Amino acid sequence: MLDATATHADTLKMDHKENAMKTRVSVIVLAALTAGAAFCQTTFRGATDLDAVLNQAVRDDKIPGAVLLVGHKGQVIYRKAYGSRALVPVKEAMTVDTVFDIASLSKIVATTSGMMKLFEQGKVRMSDPVTAYLPEFQGGESAVTVRDLMTHFSGLRPDLDLEPVWSGYDLGIRKALGDKPAGPPAVKFVYSDINFILLGEIIHRLSGQPENEYVKKLLFEPLGMKNTGYLPASSMMARIAPTEMQKDGKILRGVVHDPTSRFMGGVAGHAGVFSTADDLGKFCQMILDGGQGLFSPGTIRAFTQSASPAGQPIQRGLGWDIQSAYSGVRGEIFPVGSFGHTGFTGTSIWIDPASQTYVVLLANAVHPHERKAITPLRAKVATIVAAAVSYEQTVVGVGETKKAETQTGLDVLARDNFRMLQGKKVGLITNQTGIDRAGRRNIDVMRAVGVNLVALFSPEHGFAGVEDHENIGNTTDPATGLKVWSLYDKTRRPTPDMLKGLDALVFDIQDLGVRFYTYEATMIYAMEEAAKAKVPFYVLDRPNPLTGGHVEGPMLDPDKLSFTGAYPLPLRHGLTIGELARLVNGERKLGADLHVVEMEGWNRAQWFDTTGLPWVNPSPNIRNINQALLYPGLALLEGSTNYSVGRGTEAPFEQIGSDWIQSAELARRLRLREVPGVQFYPVHFTPSSSNLSGKQLEGLGFVVTDREAFSSARLGLEVAAALGALYPKQMKWEANRRLLGNDGVVSALMKGGDSVAAAKTGLVDFLVIRQKYLIYR
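Quick caveat, the model's predicted, so the values are computed rather than measured.

1. Description of helix α16 (residues 519–533)
At step 1: With 15 residues, α16 ought to run about 21 Å at 1.5 Å a step, and its terminal C-alpha atoms sit 21 Å apart, in line with that.
At step 2: Among the 15 residues that make up α16, 13 are buried, leaving the element largely enclosed by the rest of the structure.
At step 3: Once α16 ends, the next one or two residues include K534, with phi positive near 60 degrees.

2. Side note on the packing of α16 against helix α17 (residues 577–587)
At step 1: As a packed pair, α16 and α17 sit with axes 11 Å apart at the nearest point and diverge in direction by 45 degrees. Considering the angle they form, α16 stands oblique to α17. Where α16 crosses over α17, the handedness of that crossing is right-handed. Contacts between α16 and α17 involve E520, M523, I524 and M527 from the first element and I577, L580, A581, V584 and N585 from the second.
At step 2: Tallied by class, the residues present in the contact of α16 with α17 amount to 7 nonpolar, 1 polar and 1 charged.

3. Examining the packing of aromatic side chains
One pair of aromatic rings is described through two measures. These are the centre distance and the angle between the planes.
At step 1: Overall, the coordinates contain 18 aromatic pairs when judged by the stated rule.
At step 2: An angle of 35 degrees between the planes, with centres 5.8 Å apart, marks the rings of Y488 and F563 as tilted. Placement of the pair is Y488 in the loop between β17 (483–486) and α15 (496–499) and F563 in the loop between β20 (552–555) and β21 (570–572), with a sequence separation of 75 residues.
At step 3: Look at Y488 and you get buried, because its relative accessible area is 4%.

4. Some points on unusual backbone geometry
At step 1: That bond from V88 to P89 is cis: its omega, -5 degrees, falls within 30 degrees of zero.
At step 2: Assignment of secondary structure puts P89 in the loop between β2 (75–86) and β3 (92–93).
At step 3: Backbone torsion omega between H367 and P368 reads -10 degrees, so that peptide bond is classified as cis.
At step 4: Relative to the helices and strands, P368 is located in the loop between β11 (357–363) and α12 (375–389).
At step 5: Backbone geometry places Q138, a non-glycine residue, at a positive phi of 50 degrees.
At step 6: Of note, Q138 is situated in the loop between α4 (106–120) and α5 (146–151).
At step 7: By relative accessible area, which is 18% here, Q138 ends up buried.
At step 8: Unusually for a residue other than glycine, N471 sits at a positive phi of about 55 degrees.

5. As for the pattern of salt bridges
At step 1: Counting across every chain of the model gives 38 salt bridges.
At step 2: Here E600 ties to R415 by a salt bridge, and the two come within 2.7 Å at their closest N and O atoms. Residue E600 is found in the loop between β22 (594–597) and α18 (625–634), and its partner R415 is found in helix α13 (residues 409–415); the two are separated by 185 residues along the sequence.
At step 3: Residue E600 is classed as partly exposed on the basis of its relative accessible area of 35%.
At step 4: Residue classification places R415 among the exposed residues on the basis of a relative accessible area of 52%.

6. A closer look at the sheet that holds strand β14 (residues 425–430)
At step 1: Read from one edge to the other, the open sheet built from 7 strands follows the order β16-β17-β15-β14-β18-β19-β22, with strand pairing classed as mixed. Across the chains shown, the open sheet's two edge strands, defined by having one partner strand only, are β16 (475–476) and β22.
At step 2: Of the strand pairs in this sheet, strand β18 (residues 504–508) and strand β19 (residues 537–540) are connected by 3 bridges, and their pairing is parallel. Across the sheet, residue L505 finds its bridge partner in β19, namely F537.
At step 3: Strands β18, β19 and β22 of the sheet are contacted by α17, whose axis makes an angle of about 160 degrees with β22.

Reading the values: rules and limits
- Residues numbered from 1 in each chain as written.
- Predicted model: local features only at pLDDT ≥ 70, side-chain atom pairs only at ≥ 80, totals over all residues.
- Heavy atoms only, no water.
- Helix = DSSP H or I, 4+ residues; strand = E, 2+ residues; numbered from the N terminus.
- Expected span 1.5 Å × (residues − 1).
- Buried < 20%, exposed > 50% of the residue type's maximum accessible area, 1.4 Å probe, protein only.
- Axes fitted to C-alpha atoms, helices over the stretch in contact; angles between N-to-C directions.
- Parallel < 35°, antiparallel > 145°, perpendicular 65-115°, else oblique.
- Left-handed = near helix turned anticlockwise from the far one by under 90°.
- Contact = heavy atoms within 4.5 Å.
- Nonpolar A, V, L, I, M, F, W, Y, C, P; charged D, E, K, R; others polar.
- Phe/Tyr/Trp six-rings, centres within 6.5 Å; stacked < 30°, edge-to-face > 60°.
- Salt bridge = Lys/Arg side-chain N within 4 Å of Asp/Glu carboxyl O.
- Pairing = 2+ DSSP bridges.

Written out as structure tokens, the structure reads:
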């Protein structure tokens, strides 16, 4: 064994017998603590699913055991241990206070934290060359910046050579300083431990202290992270999760698993920290709280937003992972813009500022031997948590759950047992989005209290919301046997025969708040027909998922009305579906007997993911809030059959492409336009359906980085203008006139004029009219 490590390991061995006794006692005591600590098990909606997934992973030997901690809105809402802490030489039960070798989580918990403090003290700048702080780096001649190290765009290799065996911190630093680059900086993402070994040495030199001592005083002690640090004390042995069995048959326990850090004596910028789920929860909450006085909120924002070189598909923060091959831990619901990190031993953290949620999952997946990566398991856990927190707003005490404030019109009406519909023959226009806060179908909730549902109607994409083609036929609800009339077939309006005998027609569908999203046309057409038939029309209101405050042109010209634009509206109108119904009924003087069942607990500044309502894909190609926000702009040119918006791929409306686009030149042109709140990068993809199906396409991918500053219309029009300037022969402006919706904008695009300015025409007049029909403030 190496000198520095052997000294630490021998100290641990001296107390082995004593700790073995402590282990037996601790297991009994901590089992009781676990039962009490996991108080949220009966109140957290995702508990059953999380338990099933993690217990199955233990049974399948994907992990020996794990500790899960979930925080939301400033509270711990789930905390539980699973499986075993150790399998050999003696099996030990996992406990919630188990201490883990967190491996590469050290990069963010320790090294990134240290760099944040030096950054806000003005002692280090991200744009400075590394040689400004480590003069001997690569012989004193290198273009690599501190930012390149922190984002893994330095061009350095993944790790130092481990053979022949070497020993000592100083030798490790010398090796890192002199390691030959594998490529130029700022060109290619290569995840590299060497980057953070060097950053750890920058902390050492600028602070005048070894990194372990510096971060202990800076972070661990102030936050009360009493079980966190490098080189854990022998007194912690009973609670430390062992890792891998070495060639000599010895199990690593309390000694860092990473061999490079072990060679360096257990203290290095890339690995070496040990911690518990509870301590890491304190760290995550500090990040969500904007630094809790340890760091400024501005510093937290600077480090957790994308800092990758322009045009790169990989999105890395300063230390943090945002969108890369390593971000599977994010799952399928947390949005791009959330961030986290993983550790080789089986540890991970993911933080979502939008929902104020963090997920800490600690497993010793390398005990007693390496297994396959647990990325799928991490993703399942994150997805379950993200879905669950959209139901539960926060746990405020033992057994006490405070629901999110937003109640849809359906929830409000259900609370009164649908009194206004009782005794009536009711028709319901709905689809898969028509659910209450608990995820129950409106159909089932209504029937359960005696509402006489006699007919169902479905919009585009069908009753289940999964069909993506024209002319969807009638069907039957398999659960009730009720006929479902399709309003996306030969007729897109309910006919007199469909409405015959109805005493009320109810509309309950989640809209997107976008002019050409056809659920709005379905609602308008149905209200018009209900007015003619003298059938009262009820709209169960739901949030505008893109807020009620963002209004963006271009306005739809009155002579361009169609099913993809049934009323002269701006591209993003900032209305709820109920407010839109009021506006259309009032301004067109339809005379409909309109009843909008208002929401409770929603305000115009709210995005959907702040409402606590469950997300259901409103249509097959809108699968998250990022896609919903990009959709209005990028779909403006979808009338062109030689242009793809990513339908038929895993990222619809998050990318565009064609066989005539050259991504590098398009990116260069867009970069000059400085579109706020979004980043873009070159992509290649092959759609399996829709436009250009089966063809290899080149284009750009998009990530919204600041949704408050971002304008969907601005991005869409800038893309349109850039494509028109670069590829004038390929652009079919007439084919897109209906979606662009405004002759002034089309003319500006055709002539190379200012289409963004043209898109503002008519907005002021619309806002004046809109004001009369607003329900919420």
